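# Structure at a glance
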Amino acid sequence: MAGHGYESGRLNLPFVGIATFGKRPHVADWTAIEADAAILGAPFDMGTQFRAGARFGPRGVREASTLFSFGHAGAYDHEDDATYLGPEVRIVDIGDADIVHTDTEKSHANIEAGVRAILKAGALPVVIGGDHSVNIPCIRAFDDQGPIHILQIDAHLDFVDERHGVRHGHGNPMRRAAEKGYVTGLTQLGIRNVSSTAKEGYAAARAMGADILSVRQVRALGPDGVLARIPQGARLYVTIDIDGFCPSIAPGTGTPSHGGFLYYEVLEILQGAARAHDIVGIDLVEVAPDYDPTGSTAILAAQVLLNFLGFIFHARASRAGQSPA
(Lines give C-alpha, C1' and ligand atoms only; values in the text may rest on other atoms or scores of the structure.)
Protein backbone atom coordinates (compact mmCIF):
# COMPACT_ATOMS: atom_id res chain seq x y z
CA MET A 1 0.00 0.00 0.00
CA ALA A 2 1.43 3.35 -1.07
CA GLY A 3 1.99 5.97 1.58
CA HIS A 4 0.04 9.18 1.65
CA GLY A 5 1.29 12.70 1.12
CA TYR A 6 1.19 13.68 4.77
CA GLU A 7 4.44 11.85 5.44
CA SER A 8 6.76 14.28 3.67
CA GLY A 9 6.80 17.57 1.80
CA ARG A 10 4.17 20.28 2.06
CA LEU A 11 0.84 19.77 3.78
CA ASN A 12 -0.84 21.58 0.84
CA LEU A 13 -4.25 22.11 2.42
CA PRO A 14 -7.25 22.67 0.09
CA PHE A 15 -7.16 26.47 0.42
CA VAL A 16 -3.46 26.63 -0.52
CA GLY A 17 -2.11 26.84 -4.06
CA ILE A 18 -3.61 27.02 -7.53
CA ALA A 19 -7.17 25.71 -7.91
CA THR A 20 -6.84 23.27 -10.77
CA PHE A 21 -9.35 20.42 -10.71
CA GLY A 22 -8.44 18.29 -7.71
CA LYS A 23 -5.10 20.14 -7.69
CA ARG A 24 -4.02 17.99 -10.60
CA PRO A 25 -1.24 19.22 -12.91
CA HIS A 26 -2.07 21.97 -15.38
CA VAL A 27 -1.17 21.33 -19.03
CA ALA A 28 -1.28 24.49 -21.11
CA ASP A 29 -0.04 22.87 -24.33
CA TRP A 30 -2.93 20.92 -25.82
CA THR A 31 -0.54 19.04 -28.09
CA ALA A 32 1.31 17.61 -25.07
CA ILE A 33 -1.47 15.93 -23.08
CA GLU A 34 -0.26 12.72 -21.45
CA ALA A 35 -3.01 11.49 -19.17
CA ASP A 36 -5.81 9.02 -18.62
CA ALA A 37 -8.33 11.84 -18.19
CA ALA A 38 -8.17 15.54 -18.97
CA ILE A 39 -10.38 18.28 -17.53
CA LEU A 40 -11.53 21.07 -19.85
CA GLY A 41 -13.47 24.11 -18.69
CA ALA A 42 -16.18 25.43 -21.00
CA PRO A 43 -17.25 28.71 -19.34
CA PHE A 44 -19.98 29.56 -21.84
CA ASP A 45 -23.51 30.55 -20.73
CA MET A 46 -24.86 32.55 -23.64
CA GLY A 47 -27.18 29.69 -24.52
CA THR A 48 -29.31 30.22 -21.41
CA GLN A 49 -33.00 31.15 -21.58
CA PHE A 50 -33.41 32.26 -17.95
CA ARG A 51 -30.68 32.97 -15.39
CA ALA A 52 -27.11 33.26 -16.59
CA GLY A 53 -24.05 32.60 -14.42
CA ALA A 54 -22.88 29.15 -15.49
CA ARG A 55 -19.85 30.79 -17.10
CA PHE A 56 -18.44 30.72 -13.57
CA GLY A 57 -19.17 26.99 -13.22
CA PRO A 58 -15.72 25.69 -14.20
CA ARG A 59 -13.99 28.06 -11.79
CA GLY A 60 -16.43 27.22 -8.99
CA VAL A 61 -16.21 23.45 -9.47
CA ARG A 62 -12.42 23.57 -9.63
CA GLU A 63 -12.24 25.54 -6.40
CA ALA A 64 -14.68 23.14 -4.73
CA SER A 65 -12.66 20.16 -5.95
CA THR A 66 -9.70 21.23 -3.83
CA LEU A 67 -11.71 20.00 -0.83
CA PHE A 68 -10.97 16.47 -2.10
CA SER A 69 -7.29 17.07 -2.87
CA PHE A 70 -5.67 16.09 0.41
CA GLY A 71 -2.41 14.19 -0.09
CA HIS A 72 -3.79 10.67 -0.06
CA ALA A 73 -2.51 7.88 -2.28
CA GLY A 74 -6.01 7.62 -3.69
CA ALA A 75 -9.32 7.66 -1.85
CA TYR A 76 -10.28 4.58 0.13
CA ASP A 77 -13.99 3.68 0.17
CA HIS A 78 -14.79 1.39 3.08
CA GLU A 79 -18.17 0.36 1.63
CA ASP A 80 -16.59 -0.91 -1.59
CA ASP A 81 -13.30 -1.87 0.09
CA ALA A 82 -11.57 -0.15 -2.80
CA THR A 83 -9.09 2.64 -3.27
CA TYR A 84 -10.11 4.99 -6.06
CA LEU A 85 -7.96 7.40 -8.11
CA GLY A 86 -4.62 6.20 -6.87
CA PRO A 87 -1.34 7.51 -8.30
CA GLU A 88 -1.65 5.13 -11.26
CA VAL A 89 -4.54 7.25 -12.63
CA ARG A 90 -3.15 10.30 -14.43
CA ILE A 91 -5.52 13.26 -14.46
CA VAL A 92 -4.58 16.67 -15.82
CA ASP A 93 -6.38 20.00 -16.12
CA ILE A 94 -5.91 21.66 -19.51
CA GLY A 95 -7.61 24.91 -18.55
CA ASP A 96 -10.52 26.53 -20.37
CA ALA A 97 -11.59 26.84 -23.97
CA ASP A 98 -11.48 30.46 -25.06
CA ILE A 99 -14.92 32.06 -25.04
CA VAL A 100 -15.73 34.88 -27.45
CA HIS A 101 -18.55 36.94 -25.95
CA THR A 102 -21.79 36.89 -28.00
CA ASP A 103 -20.26 34.50 -30.57
CA THR A 104 -21.76 31.07 -29.95
CA GLU A 105 -20.24 29.37 -32.98
CA LYS A 106 -16.69 30.54 -32.30
CA SER A 107 -16.95 29.68 -28.62
CA HIS A 108 -18.37 26.24 -29.41
CA ALA A 109 -15.62 25.66 -31.98
CA ASN A 110 -13.01 26.39 -29.31
CA ILE A 111 -14.65 23.89 -26.95
CA GLU A 112 -14.75 21.29 -29.72
CA ALA A 113 -11.04 21.85 -30.38
CA GLY A 114 -10.27 21.16 -26.73
CA VAL A 115 -12.25 17.91 -26.69
CA ARG A 116 -10.61 16.79 -29.94
CA ALA A 117 -7.18 17.46 -28.44
CA ILE A 118 -8.03 15.28 -25.44
CA LEU A 119 -9.33 12.46 -27.64
CA LYS A 120 -6.27 12.66 -29.88
CA ALA A 121 -4.13 12.18 -26.78
CA GLY A 122 -6.08 9.02 -25.93
CA ALA A 123 -7.47 10.52 -22.71
CA LEU A 124 -11.00 10.65 -21.36
CA PRO A 125 -12.49 14.12 -21.89
CA VAL A 126 -14.19 15.63 -18.83
CA VAL A 127 -15.80 18.97 -19.65
CA ILE A 128 -17.11 21.34 -16.98
CA GLY A 129 -19.67 23.88 -18.20
CA GLY A 130 -21.04 26.33 -18.80
CA ASP A 131 -24.62 25.89 -19.91
CA HIS A 132 -25.87 22.70 -21.55
CA SER A 133 -25.25 24.03 -25.05
CA VAL A 134 -21.57 23.15 -24.52
CA ASN A 135 -22.59 19.52 -25.01
CA ILE A 136 -23.13 20.31 -28.71
CA PRO A 137 -19.43 20.87 -29.52
CA CYS A 138 -18.48 18.01 -27.20
CA ILE A 139 -20.56 15.55 -29.21
CA ARG A 140 -19.33 17.01 -32.51
CA ALA A 141 -15.80 16.10 -31.46
CA PHE A 142 -16.76 12.39 -31.42
CA ASP A 143 -17.49 12.23 -35.15
CA ASP A 144 -14.48 9.98 -35.75
CA GLN A 145 -14.68 7.94 -32.54
CA GLY A 146 -17.22 5.28 -33.49
CA PRO A 147 -20.76 4.79 -32.18
CA ILE A 148 -21.74 6.24 -28.81
CA HIS A 149 -24.86 6.15 -26.65
CA ILE A 150 -25.72 9.18 -24.52
CA LEU A 151 -26.72 8.87 -20.88
CA GLN A 152 -28.28 12.16 -19.75
CA ILE A 153 -29.13 13.16 -16.16
CA ASP A 154 -31.26 16.28 -16.29
CA ALA A 155 -34.53 17.92 -15.30
CA HIS A 156 -35.17 18.95 -18.90
CA LEU A 157 -35.37 17.04 -22.16
CA ASP A 158 -33.29 19.62 -24.09
CA PHE A 159 -34.77 18.37 -27.35
CA VAL A 160 -35.95 21.60 -28.98
CA ASP A 161 -35.17 21.61 -32.69
CA GLU A 162 -35.31 25.34 -33.36
CA ARG A 163 -36.83 28.29 -31.54
CA HIS A 164 -36.78 31.73 -33.20
CA GLY A 165 -33.79 30.62 -35.24
CA VAL A 166 -31.85 29.33 -32.22
CA ARG A 167 -30.47 25.82 -32.80
CA HIS A 168 -27.45 25.82 -30.48
CA GLY A 169 -28.82 27.03 -27.15
CA HIS A 170 -29.10 25.05 -23.93
CA GLY A 171 -32.53 23.72 -24.94
CA ASN A 172 -31.18 22.08 -28.11
CA PRO A 173 -28.25 19.76 -27.29
CA MET A 174 -30.00 16.39 -27.17
CA ARG A 175 -31.77 17.11 -30.48
CA ARG A 176 -28.46 18.02 -32.09
CA ALA A 177 -26.89 14.85 -30.65
CA ALA A 178 -29.73 12.61 -31.86
CA GLU A 179 -29.17 13.91 -35.40
CA LYS A 180 -25.64 12.50 -35.45
CA GLY A 181 -25.29 9.18 -37.22
CA TYR A 182 -22.78 7.95 -34.67
CA VAL A 183 -25.15 8.57 -31.74
CA THR A 184 -27.03 5.29 -31.46
CA GLY A 185 -29.56 6.41 -28.86
CA LEU A 186 -30.21 8.37 -25.69
CA THR A 187 -31.19 7.39 -22.15
CA GLN A 188 -32.65 10.50 -20.50
CA LEU A 189 -33.11 10.32 -16.73
CA GLY A 190 -34.78 12.75 -14.34
CA ILE A 191 -36.99 14.56 -16.85
CA ARG A 192 -39.84 16.16 -14.92
CA ASN A 193 -42.26 18.96 -14.11
CA VAL A 194 -43.12 21.87 -16.39
CA SER A 195 -40.62 21.32 -19.14
CA SER A 196 -38.89 23.37 -21.79
CA THR A 197 -40.02 20.85 -24.41
CA ALA A 198 -43.57 20.58 -25.77
CA LYS A 199 -45.42 17.29 -26.21
CA GLU A 200 -44.29 16.92 -29.80
CA GLY A 201 -40.71 17.20 -28.56
CA TYR A 202 -41.16 14.04 -26.51
CA ALA A 203 -42.62 12.25 -29.53
CA ALA A 204 -39.71 13.40 -31.69
CA ALA A 205 -37.19 12.31 -29.06
CA ARG A 206 -38.69 8.83 -28.80
CA ALA A 207 -38.85 8.55 -32.59
CA MET A 208 -35.13 9.39 -32.73
CA GLY A 209 -34.11 6.74 -30.21
CA ALA A 210 -34.65 8.28 -26.78
CA ASP A 211 -35.69 6.39 -23.65
CA ILE A 212 -37.16 8.98 -21.26
CA LEU A 213 -37.63 8.40 -17.53
CA SER A 214 -38.74 10.79 -14.81
CA VAL A 215 -37.28 10.78 -11.31
CA ARG A 216 -40.25 8.80 -10.01
CA GLN A 217 -39.93 6.26 -12.83
CA VAL A 218 -36.21 5.86 -12.09
CA ARG A 219 -36.97 5.31 -8.42
CA ALA A 220 -39.60 2.71 -9.26
CA LEU A 221 -37.15 0.80 -11.46
CA GLY A 222 -34.13 1.15 -9.17
CA PRO A 223 -30.54 1.48 -10.43
CA ASP A 224 -30.38 -2.04 -11.85
CA GLY A 225 -33.68 -1.63 -13.68
CA VAL A 226 -32.54 1.64 -15.20
CA LEU A 227 -29.16 0.26 -16.26
CA ALA A 228 -30.85 -2.74 -17.89
CA ARG A 229 -32.52 -0.35 -20.34
CA ILE A 230 -29.17 0.86 -21.71
CA PRO A 231 -28.11 -1.27 -24.71
CA GLN A 232 -25.61 -3.93 -23.72
CA GLY A 233 -22.06 -3.10 -24.72
CA ALA A 234 -22.85 0.54 -25.50
CA ARG A 235 -20.01 3.03 -25.37
CA LEU A 236 -21.41 5.75 -23.12
CA TYR A 237 -21.04 9.49 -23.23
CA VAL A 238 -22.48 10.85 -19.97
CA THR A 239 -23.89 14.36 -19.72
CA ILE A 240 -24.93 15.59 -16.26
CA ASP A 241 -26.97 18.74 -15.82
CA ILE A 242 -26.73 19.77 -12.18
CA ASP A 243 -30.45 20.63 -12.26
CA GLY A 244 -31.08 16.90 -12.51
CA PHE A 245 -30.51 17.01 -8.75
CA CYS A 246 -33.11 18.45 -6.41
CA PRO A 247 -32.49 22.16 -5.75
CA SER A 248 -32.69 21.33 -2.05
CA ILE A 249 -29.11 20.03 -2.49
CA ALA A 250 -28.16 21.90 -5.70
CA PRO A 251 -29.69 25.39 -5.71
CA GLY A 252 -26.80 26.92 -7.65
CA THR A 253 -28.19 26.59 -11.15
CA GLY A 254 -30.05 28.73 -13.63
CA THR A 255 -33.20 26.63 -14.06
CA PRO A 256 -33.90 24.72 -10.82
CA SER A 257 -36.66 22.12 -10.84
CA HIS A 258 -37.94 20.62 -7.59
CA GLY A 259 -38.36 16.89 -7.14
CA GLY A 260 -34.96 15.98 -8.50
CA PHE A 261 -32.48 13.26 -7.68
CA LEU A 262 -30.56 12.97 -4.44
CA TYR A 263 -26.86 12.23 -4.36
CA TYR A 264 -26.75 8.45 -3.97
CA GLU A 265 -29.46 7.87 -6.59
CA VAL A 266 -27.21 9.35 -9.24
CA LEU A 267 -24.01 7.92 -7.81
CA GLU A 268 -25.32 4.34 -7.90
CA ILE A 269 -26.41 4.72 -11.54
CA LEU A 270 -23.02 6.15 -12.48
CA GLN A 271 -21.18 3.37 -10.66
CA GLY A 272 -23.29 0.74 -12.41
CA ALA A 273 -22.74 2.40 -15.77
CA ALA A 274 -18.97 2.45 -15.22
CA ARG A 275 -18.97 -1.25 -14.38
CA ALA A 276 -21.09 -2.27 -17.36
CA HIS A 277 -19.95 0.10 -20.08
CA ASP A 278 -16.95 1.87 -21.56
CA ILE A 279 -17.34 5.53 -20.57
CA VAL A 280 -15.90 7.59 -23.43
CA GLY A 281 -16.71 11.15 -22.38
CA ILE A 282 -18.29 13.25 -19.64
CA ASP A 283 -19.66 16.73 -19.29
CA LEU A 284 -21.17 18.33 -16.20
CA VAL A 285 -23.03 21.56 -16.83
CA GLU A 286 -25.23 24.36 -15.48
CA VAL A 287 -23.47 25.00 -12.17
CA ALA A 288 -24.03 28.72 -11.52
CA PRO A 289 -22.21 29.38 -8.24
CA ASP A 290 -23.64 32.83 -7.53
CA TYR A 291 -27.09 31.37 -6.78
CA ASP A 292 -25.67 29.23 -3.97
CA PRO A 293 -23.76 31.23 -1.36
CA THR A 294 -23.07 28.03 0.61
CA GLY A 295 -20.99 26.54 -2.22
CA SER A 296 -22.79 23.21 -1.83
CA THR A 297 -23.75 22.93 -5.50
CA ALA A 298 -20.16 23.24 -6.70
CA ILE A 299 -19.01 20.79 -4.02
CA LEU A 300 -21.68 18.32 -5.17
CA ALA A 301 -20.51 18.69 -8.78
CA ALA A 302 -16.86 18.13 -7.86
CA GLN A 303 -17.71 15.15 -5.68
CA VAL A 304 -19.83 13.52 -8.40
CA LEU A 305 -17.09 13.95 -11.00
CA LEU A 306 -14.31 12.64 -8.79
CA ASN A 307 -16.35 9.64 -7.67
CA PHE A 308 -17.38 8.89 -11.25
CA LEU A 309 -13.77 9.07 -12.43
CA GLY A 310 -12.82 6.72 -9.61
CA PHE A 311 -15.50 4.23 -10.68
CA ILE A 312 -14.46 4.43 -14.34
CA PHE A 313 -10.77 3.71 -13.84
CA HIS A 314 -11.38 1.09 -11.16
CA ALA A 315 -13.72 -0.72 -13.57
CA ARG A 316 -11.23 -0.42 -16.43
CA ALA A 317 -8.51 -1.95 -14.29
CA SER A 318 -10.82 -4.79 -13.26
CA ARG A 319 -11.77 -5.52 -16.86
CA ALA A 320 -8.10 -5.53 -17.84
CA GLY A 321 -7.45 -8.22 -15.25
CA GLN A 322 -5.46 -5.94 -13.00
CA SER A 323 -5.99 -5.79 -9.25
CA PRO A 324 -7.23 -2.37 -8.17
CA ALA A 325 -6.33 -1.55 -4.57
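Now for a description of the structure that goes with this document. Everything quoted here is computed from the prediction, not taken from an experiment. (Residues numbered from 1 in each chain as written. Predicted model: local features only at pLDDT ≥ 70, side-chain atom pairs only at ≥ 80, totals over all residues. Heavy atoms only, no water.)

Core analysis: the biggest nonpolar cluster contains 53 residues, and Phe245, Ile282 and Leu309 have the highest contact counts within it. Considering every element that reaches this core, the biggest residue donor is helix H8 (residues 296-319), with 12 residues. If we ignore the near neighbours within four places in the chain, the residues touching Ile282 are Leu124, Pro125, Val126, Val127, Tyr237, Val238, Leu305, Phe308, Leu309 and Ile312. Core analysis: the second largest hydrophobic core is formed by 41 residues, Phe142, Met174, Ala178 and Ala205 among them. (Core = buried A, V, L, I, M, F, W, Y, C linked by side-chain atoms within 4.5 Å. Buried < 20%, exposed > 50% of the residue type's maximum accessible area, 1.4 Å probe, protein only. Helix = DSSP H or I, 4+ residues; strand = E, 2+ residues; numbered from the N terminus. Contact = heavy atoms within 4.5 Å.)

Moving on, we come to the sheet that holds strand E6 (residues 148-153). Spatially, 8 strands are ordered E4-E1-E5-E10-E9-E6-E7-E8 in an open sheet, and the strand pairing comes out parallel. On the outer flanks of this sheet lie strand E4 (91-96) and strand E8 (210-213), each paired with one strand and no other. Within this sheet the neighbouring strands show an average axis-to-axis angle of 15°, counted without direction. Sheet topology note: the strand E1 (residues 37-42)/E4 ladder contains 4 bridges and is parallel. If you follow Gly41 over to E4, its bridge partner there is Asp96. In the packing of helix H2 (residues 104-120) onto the sheet, contacts are made with E1, E4, strand E5 (124-129) and strand E10 (278-285), and the angle to E1 comes to roughly 175°. (Pairing = 2+ DSSP bridges. Axes fitted to C-alpha atoms, helices over the stretch in contact; angles between N-to-C directions.)

We now examine the packing of helix H7 (residues 263-276) against H8. Put simply, H7 and H8 touch, their axes get as near as 8 Å, and they point 25° apart. Here H7 lies roughly parallel to H8, going by the angle between them. Seen from above, H7 lies across H8 with right-handed handedness. In this structure, H7 contributes Tyr263, Leu267, Leu270, Gln271, Ala274, Arg275 and Ala276 to the contact, and H8 contributes Leu300, Gln303, Val304, Asn307, Phe308, Phe311, Ile312, Ala315 and Arg319. Considered class by class, the residues forming the contact of H7 with H8 number 11 nonpolar, 3 polar and 2 charged. (Parallel < 35°, antiparallel > 145°, perpendicular 65-115°, else oblique. Left-handed = near helix turned anticlockwise from the far one by under 90°. Nonpolar A, V, L, I, M, F, W, Y, C, P; charged D, E, K, R; others polar.)

A separate point is the packing of aromatic side chains. If you walk through the whole model with that rule in mind, you get 3 aromatic pairs. Aromatic pair Phe142 and Tyr237: ring centres 5.4 Å apart, planes at 85°, arrangement edge-to-face. Taken together, the positions of Phe142 in the loop between helix H3 (135-140) and E6 and Tyr237 in strand E9 (residues 235-241) put the pair 95 residues apart, joining distant regions of the chain. Taking relative accessible area as the criterion, Phe142 reaches 1% and is therefore assigned buried. Summarising the aromatic geometry, the rings of Tyr263 and Tyr264 are spaced 5.0 Å apart at their centres and angled 65° between planes, so their arrangement reads as edge-to-face. Among the residues examined, Tyr263 registers a relative accessible area of 15% and is labelled buried. The cationic tip of Arg51 hangs over the ring face of Tyr291; the distance from NZ or CZ to the ring centre is 4.0 Å. (Phe/Tyr/Trp six-rings, centres within 6.5 Å; stacked < 30°, edge-to-face > 60°. Lys NZ or Arg CZ within 6 Å of the ring centre and 35° of its normal.)

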